[in-house]
Every structure is written in structure tokens, then in C-alpha cells.
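Next come the chains, spelled out residue by residue.
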Amino acid sequence: MSAVEQEAVAAPLVAKARQFYALTKPRVVQLIVFCAVIGMALAIPGLPTLADLQQGVLAAAGIWLVAGAAAAFNCLVEKGIDAKMRRTSWRPTARGELGDGETLVFAALLCALGSWLLYVWVNPLTMWLTFATFVGYAIVYTVVLKPLTPQNIVIGGASGAMPPVLGWTAMTGEVGPQALILFLIIFLWTPPHFWALALYRVEDYRKSGLPMLPVTHGNEFTRLQIFLYTLVLFAACLMPFASGMSSWFYLAAAAALSAGFCWYGFRLWREYSDALARKTFRYSLIHLSLLFAALLIDHYLF
């Protein structure tokens, strides 16, 4: 077989692999694994040993696989909705490039492999918590909450807040109070983060029929909720310092980052524009990433 013929055979396989990879929502899963790794690092006093690093890599791989499975299942369930929204219409399931059967098998294989990896090579508690997170996102949030209530992102946010808890249990075999503080921070961060996106994508959500807060309660009410959540989140972000989990370095970083989020929330509430909503959404990602990075720096240097 010539090189040209080999390329002709390989091209469809590569395209199919890219489609399956797109189902896992790589950017979302990267943030999930990042938060889980932060939980792992904070659970270990001092520098990790070689054994800790090996367990951390296995845990991150298992969490990535199960999170990817949940994302793929979400794409399958919401393919009709995704096709109506400009932000998601490119997904392979929405475009009909991947069938229901192969998508379901792909999601099941990822979930089974990730669960096996966590159960055998990490610990059963992490496996069961990760599987519960899969059920919470893929079924409770996607199938039940999202199409029924504008509070979907608040209640369903519990699944998205689990990664640092999973990381913590992967290294310790138990759920510590520090892990619950990290859970609370992400739980309170999720609504203002997602509602900022929903504000400038409101027409997409209206066309899809999903009862997102800007659709059901209007722009002004949603903006007020974003601002109020940033205030409560500010208090939650101080809890690592108040509980003795971190030092003054983290406190300074958390106060500055959270004050910035509150400022964005206040401005969005008082004078709305799509451009400001986009900036608020982007800042929310910076806020969480730098907040957890500050926790990590504080853990090792202070």
C-alpha cells in the first residue's frame, strides 16, 4: 500500500477519533482535573513522594475518563438542544456525525475504564464518589434538573464542585473538612460564572427551550443574583484562611481576586452590556484558576 493510500485509509479514522475526543468537552475536563489535582496536592503535607505522584497520576486519569464519559453522555442527551444553539451546534452529536449507539458505547467504556482504574489503583471511596458525580451530572442535572427548573445550575452545581473532594479522597481515603471548604467555594462560584454566560447567550437558551434564569426571570433579576452570589463567594473564599488551612499569602490573593469578581458583578448589575457579561464570564475563570493556584503556592511556600 502506497503512502497516499495509507493516508486515505487513516484520514477517516483520525477524523472519527477527533469527533469522539470533542464529545469529552476537553476544556471543561481540563478544569475538572486541575481542581482535582489541587485537592490532591493540598491533602498531602509537604512535598509529595514518588508513590504519591504515581497515585495522583492514576487518580487524575480515572477522574478524566469518568468526567469525559459524563460529558459525552450529556452531548447525547442534549443533541437536539445543542443543534439549536450557536455555541454548541458544532458538536458531532448535534451535527449527526456520531450515532446514538456509538456515543453511548463510548461513554460507557470511558466510565467503566475510569471507575475500574479508581477502584483498583486508587481506592473504592474515590471511585464511588466519582461515579456519584457522573450520575449527578449526566442524569440528575442533564436529564432531570436542566429542562425543568431555572435553579438547575445551582442544584446541579454540586456535581461540578466535587473535583477537589475527589482529589482529596484519592490521596487520603477520606473526605476531610478542608475538602468540603474547596467544594463550597466551587459550588458558590458556579452560578455567577454560568449565569454571566447565559446573559449574553440568552437567545440561544430561549430557542432551545431550556428554563435558564435569564429566560424565566429576566436580565435584571439574573444580574442581581450574580452580584449577590459574588458577595457570598467572597466570604467562602476566606474560609481556607479562617480554618487555618492557609496563610496570609492566600488571604491577600483571595481578597483581591474575590473583590475583583464582586466589582464585575456590581457593574454588571448596575449597567448591563453583552460585552461586560463576556468579561465577567472570562474573569470568573481567571478567579477560580488563580485562587486555587494561590492555595497551591501557599501550601508549599508559606
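A brief look at the structure comes next. In this text, all values refer to a predicted model and were calculated from it rather than measured experimentally.

### As for the overall build of the chain
- Scanning the chain for helices and strands turns up 15 helices and zero strands.
- Taken over the C-alpha trace, the chain has a radius of gyration of 20 Å; the compact-globule value for 302 residues is 19 Å, and the two agree within 12%.
- Its C-alpha atoms give the chain principal-axis dimensions of roughly 65 × 50 × 35 Å.
- Split into buried and exposed, the 302 residues of the chain put 50% on the buried side.
- In the structure as shown, the chain presents an accessible area of about 14000 Å², 69% of it carried by carbon and sulfur atoms.

### A few points about the environment of Leu-42
- If you trace the backbone, Leu-42 turns up in helix H2 (residues 26-43).
- On the basis of relative accessible area, Leu-42 is assigned to the buried category, the value being 10%.
- Considering only alpha carbons, one finds Leu-42 and Leu-295, 253 residues apart in sequence, at a separation of 8.0 Å.
- Sequence-distant contacts of Leu-42, defined by excluding residues within four places in its chain, comprise Trp-168, Leu-182, Met-245, Leu-295 and His-299.

### Thoughts on the pattern of salt bridges
- By the definition in use, this model includes five salt bridges.
- With a shortest N-O distance of 2.7 Å, Lys-79 and Asp-100 are connected by a salt bridge. Within this pair, whereas Lys-79 is found in helix H4 (residues 79-84), its partner Asp-100 is found in helix H5 (residues 100-121), the two being separated by 21 residues in sequence.

### Some words on the nonpolar core
- Membership of the largest hydrophobic core comes to 67 residues, with the highest contact counts inside it found for Ile-185, Tyr-205, Tyr-250, Leu-291 and Phe-292.
- Here this core gets 14 residues from one element, more than from any other, and that element is helix H9 (residues 177-200).
- In contact with Phe-292, other than residues within four places in its own chain, are Phe-34, Cys-35, Ile-38, Pro-164, Leu-182, Ile-185 and Ile-186.
- One finds Leu-65, Phe-106, Leu-110 and Ala-138 within the second-largest nonpolar core, a separate group that totals 17 residues.

### Comments concerning the packing of helix H8 (residues 163-172) against H9
- Packing of H8 against H9 leaves a shortest axis separation of 8 Å and a crossing angle of 160°. One element, H8, and the other, H9, form an angle in the roughly antiparallel class. Where H8 crosses over H9, the two elements pack in a sense that is right-handed. Packed against H8, whose contacting residues are Pro-164, Val-165 and Trp-168, the element H9 presents Gln-178, Ala-179, Leu-182, Phe-183 and Ile-186 at the interface.
- Partitioned by chemical class, the residues of the contact of H8 with H9 number seven nonpolar, one polar and no charged.

### Here's the deal with the environment of Glu-78
- With respect to the helices and strands, the residue Glu-78 is situated in the loop between helix H3 (50-77) and H4.
- The class for Glu-78 is buried, based on a relative accessible area of 3%.
- In this structure the C-alpha to C-alpha distance between Glu-78 and Thr-142, which are 64 residues apart in sequence, comes to 7.8 Å.

Cut-off values and rules
- Residues numbered from 1 in each chain as written.
- Predicted model: local features only at pLDDT ≥ 70, side-chain atom pairs only at ≥ 80, totals over all residues.
- Heavy atoms only, no water.
- Helix = DSSP H or I, 4+ residues; strand = E, 2+ residues; numbered from the N terminus.
- Rg over C-alpha atoms; globule rule 2.2 N^0.38 Å.
- Buried < 20%, exposed > 50% of the residue type's maximum accessible area, 1.4 Å probe, protein only.
- Areas by Shrake-Rupley, 256 points an atom, 1.4 Å probe, with all protein chains shown as cover.
- Contact = heavy atoms within 4.5 Å.
- Salt bridge = Lys/Arg side-chain N within 4 Å of Asp/Glu carboxyl O.
- Core = buried A, V, L, I, M, F, W, Y, C linked by side-chain atoms within 4.5 Å.
- Axes fitted to C-alpha atoms, helices over the stretch in contact; angles between N-to-C directions.
- Parallel < 35°, antiparallel > 145°, perpendicular 65-115°, else oblique.
- Left-handed = near helix turned anticlockwise from the far one by under 90°.
- Nonpolar A, V, L, I, M, F, W, Y, C, P; charged D, E, K, R; others polar.

These values are about where atoms sit, not about what they do.
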